[in-house]
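Structural description and commentary
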Amino acid sequence: MHGTDQTARRLLDSSARLSRDPETEIDWDAPLGDGYGLSPEWSTLYGTAYWDELTEVQRRELTRHEAASVASTGIWFELILQQLILRDVYGLNPASAEFQWSLTEIADECRHSIMFARATGRLVDAEYRPRPVTRELGRMFKTVATGETAYAAILVAEEVLDVMQRDWMRDRRVAPLVRTVNHIHVVEESRHMVFAREETRQRLVGSSGARRWVSALVIALAADMIVSSMVTPAVYANAGLDADRALREARRNEHHRALLRSSCANLMDFLGEVGLLTPAATRVYRRTGLR
């Protein structure tokens, strides 16, 4: 049994013991109370002059819209992720642990997408989606991405969300429903990240420098697409704020960029370890705020 299949077998065992069911574990009818949608420190406006001017009610409303936007972006990329994995395992032996784990991961992502959709509906009365051009680029990416490009992009999306959601699930200021959603996602995504790292390493064995250069750049561009879509500009208007001012201050918010960089420290170390942190890719990560 090769390395990937061994990892898949361990993850299948873990999934059998530790998988969660949002349908039964979350009280979807419980009132939200006065909880935030995410930890205030993770708001795109935290640390700005505009944040200091907001009332507690306005801050809470903003974070609920931001959390709904992040969840909606998560749904969008989980749909891409599922298609990437399905294409990748199309020719595998169904008896292999790798094939069975891949379908288990897809089942997890289906539950997560439904969970995020229901949570978003509880948080706000608004619909958030990435920009049309980003959705079309995502459509193209899920059609052509293969090997390390697919699995490292999956890892990027999961790693960025993982650190912030670990903060939110422990924060008593965050609404209980949101904390539970984040806890379920963190527990199950930890297995997905292990597999994505293993697949990325395996797909790069024997690869040329030119291939690594191209893959590194494509992964960095995918990361830019994901991160820039997390909080869409519409959240500010929907939260009752001056959208133009909020967007200007959010774009200049060094506190938020510092949090993003810290959330990606382990990811950047891994990409460097496997040769996917080239100078060209690093420039993209810096522009995105991840490096």
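Summary of the structure given here. What you see is a predicted model, and the numbers here were worked out from it, not measured in a lab. (Residues numbered from 1 in each chain as written. Predicted model: local features only at pLDDT ≥ 70, side-chain atom pairs only at ≥ 80, totals over all residues. Heavy atoms only, no water.)

In terms of helices and strands, the protein carries 14 helices and zero strands. Walking the protein from its N terminus toward its C terminus, one meets helices and strands in the order α-α-α-α-α-α-α-α-α-α-α-α-α-α. Whereas a compact globule of 291 residues would reach a radius of gyration of roughly 19 Å, the protein reaches 19 Å, a difference of no more than 12%. In terms of overall dimensions, the protein has a C-alpha envelope of 60 × 45 × 30 Å along the principal axes. (Helix = DSSP H or I, 4+ residues; strand = E, 2+ residues; numbered from the N terminus. Rg over C-alpha atoms; globule rule 2.2 N^0.38 Å.)

Most often, soluble globular proteins have nonpolar side chains that are buried together. Judged by nonpolar contacts, the single largest core of 86 residues is most densely connected at Leu 45 and Tyr 285. With residues up to four places along the chain from it excluded, the contact list for Tyr 285 reads Ala 216, Ile 219, Ala 220, Ala 223, Met 268, Leu 271, Leu 277, Leu 290 and Arg 291. (Core = buried A, V, L, I, M, F, W, Y, C linked by side-chain atoms within 4.5 Å. Buried < 20%, exposed > 50% of the residue type's maximum accessible area, 1.4 Å probe, protein only. Contact = heavy atoms within 4.5 Å.)

All right, on to a nonpolar patch on the surface then. On the surface, Val 133, Leu 137, Met 140 and Val 144 cluster together to form a nonpolar patch covering roughly 370 Å² of accessible area. You can see Val 144 is positioned in helix α6 (residues 132-144). Owing to a relative accessible area of 57%, Val 144 belongs among the exposed residues under this scheme. (Patch = residues over 30% accessible without salt bridge, like charges linked within 9 Å, V, L, I, M, F, W, Y side chains within 5 Å. Areas by Shrake-Rupley, 256 points an atom, 1.4 Å probe, with all protein chains shown as cover. Salt bridge = Lys/Arg side-chain N within 4 Å of Asp/Glu carboxyl O.)

In this fold, Arg 166 is placed in helix α7 (residues 147-170). You can call Arg 166 partly exposed: its relative accessible area is 27%. Sequence-wise, Arg 166 and Ala 239 are 73 residues apart; in three dimensions their C-alpha atoms are separated by 25 Å. Side chain to side chain, Arg 166 and Asp 162 meet in a polar contact 2.8 Å long. (Polar contact = N/O pair within 3.5 Å; in protein donor to acceptor, adjacent residues only side chain to side chain.)

Right, let's talk about the environment of His 192 for a bit. Mapping His 192 onto the fold places it in helix α8 (residues 176-204). The class for His 192 is buried, based on a relative accessible area of 1%. For the pair His 192 and Glu 109, spaced 83 residues apart in the sequence, the C-alpha separation amounts to 9.7 Å. With sequence-adjacent residues up to four places away left out, His 192 is seen in contact with Trp 101, Glu 105, Asp 108, Glu 109, His 112 and Glu 158.

Now for the layout of surface pockets. Counted as a void, the largest pocket has a volume near 770 Å³. Lining the largest pocket are 27 residues, with Val 227, Ser 228, Ser 229, Val 231 and Arg 251 sitting closest to its centre. Of all the secondary-structure elements, those providing two or more residues to the lining of the largest pocket are α7, α9 (209-229), α11 (243-251), α12 (254-263) and α14 (279-288). The element that contributes the greatest number of residues to the lining of the largest pocket is α9, accounting for four residues. Of the residues belonging to the lining of the largest pocket, the class tally is 14 nonpolar, eight polar and five charged. (1 Å grid on protein atoms, 1.4 Å probe; cavity = no way out; pocket = protein on both sides within 12 Å on 5 of 7 lines; lining within 4 Å. Points joined across faces, edges and corners; volume = space filled by probe spheres on them. Nonpolar A, V, L, I, M, F, W, Y, C, P; charged D, E, K, R; others polar.)

What follows concerns α7. The terminal C-alpha atoms of α7 lie 35 Å apart, and with 24 residues this matches the ideal 34 Å at 1.5 Å per residue to within 8%. Where α7 bends most, the angle comes to about 25°, and this point is Asp 162. Within α7, 20 of the 24 residues are buried, which leaves the element mostly enclosed by the surrounding structure. (Expected span 1.5 Å × (residues − 1). Bend = angle between axes of the 7 residues up to and from the residue.)

This part is about the packing of aromatic side chains. The full count for this structure, using the stated rule, is four aromatic pairs. An angle of 65° between the planes, with centres 6.1 Å apart, marks the rings of Trp 76 and Phe 77 as edge-to-face. For the pair Tyr 151 and Phe 195, a centre-to-centre distance of 6.2 Å together with 75° between the ring planes defines the contact as edge-to-face. Linking Tyr 151 in helix α7 with Phe 195 in helix α8, this pair joins segments that are 44 residues apart in sequence. One aromatic cluster in this structure is built from Trp 101, Tyr 151 and Phe 195. Looking at Arg 245, its charged tip hangs above the ring of Tyr 50, at a distance of 4.3 Å from the centre. (Phe/Tyr/Trp six-rings, centres within 6.5 Å; stacked < 30°, edge-to-face > 60°. Lys NZ or Arg CZ within 6 Å of the ring centre and 35° of its normal.)

We now examine the packing of helix α5 (residues 97-123) against α8. Following both chains from N to C, one finds α5 and α8 inclined at 150°, their axes separated by 10 Å at the closest point. Relative to α8, the element α5 lies roughly antiparallel. Read as a crossing pair, α5 and α8 show a hand that is left-handed. (Axes fitted to C-alpha atoms, helices over the stretch in contact; angles between N-to-C directions. Parallel < 35°, antiparallel > 145°, perpendicular 65-115°, else oblique. Left-handed = near helix turned anticlockwise from the far one by under 90°.)

Since there are 3.6 residues in each turn of an α-helix, residues three or four apart along the chain are aligned in direction. Its 29 residues give α8 an end-to-end C-alpha distance of 42 Å, which sits within 8% of 42 Å, the value for a rise of 1.5 Å per residue. Considering bend angle alone, the principal kink of α8 is centred on Glu 189 and spans about 30°. Within two residues after α8, Gly 206 carries a phi angle of roughly 75°, on the positive side.

Attention now goes to the side chain of Arg 60. On the secondary structure map, Arg 60 appears in helix α4 (residues 56-89). Residues contacting Arg 60, with those up to four places away along its chain left out, are Asp 34, Gly 35 and Tyr 36.

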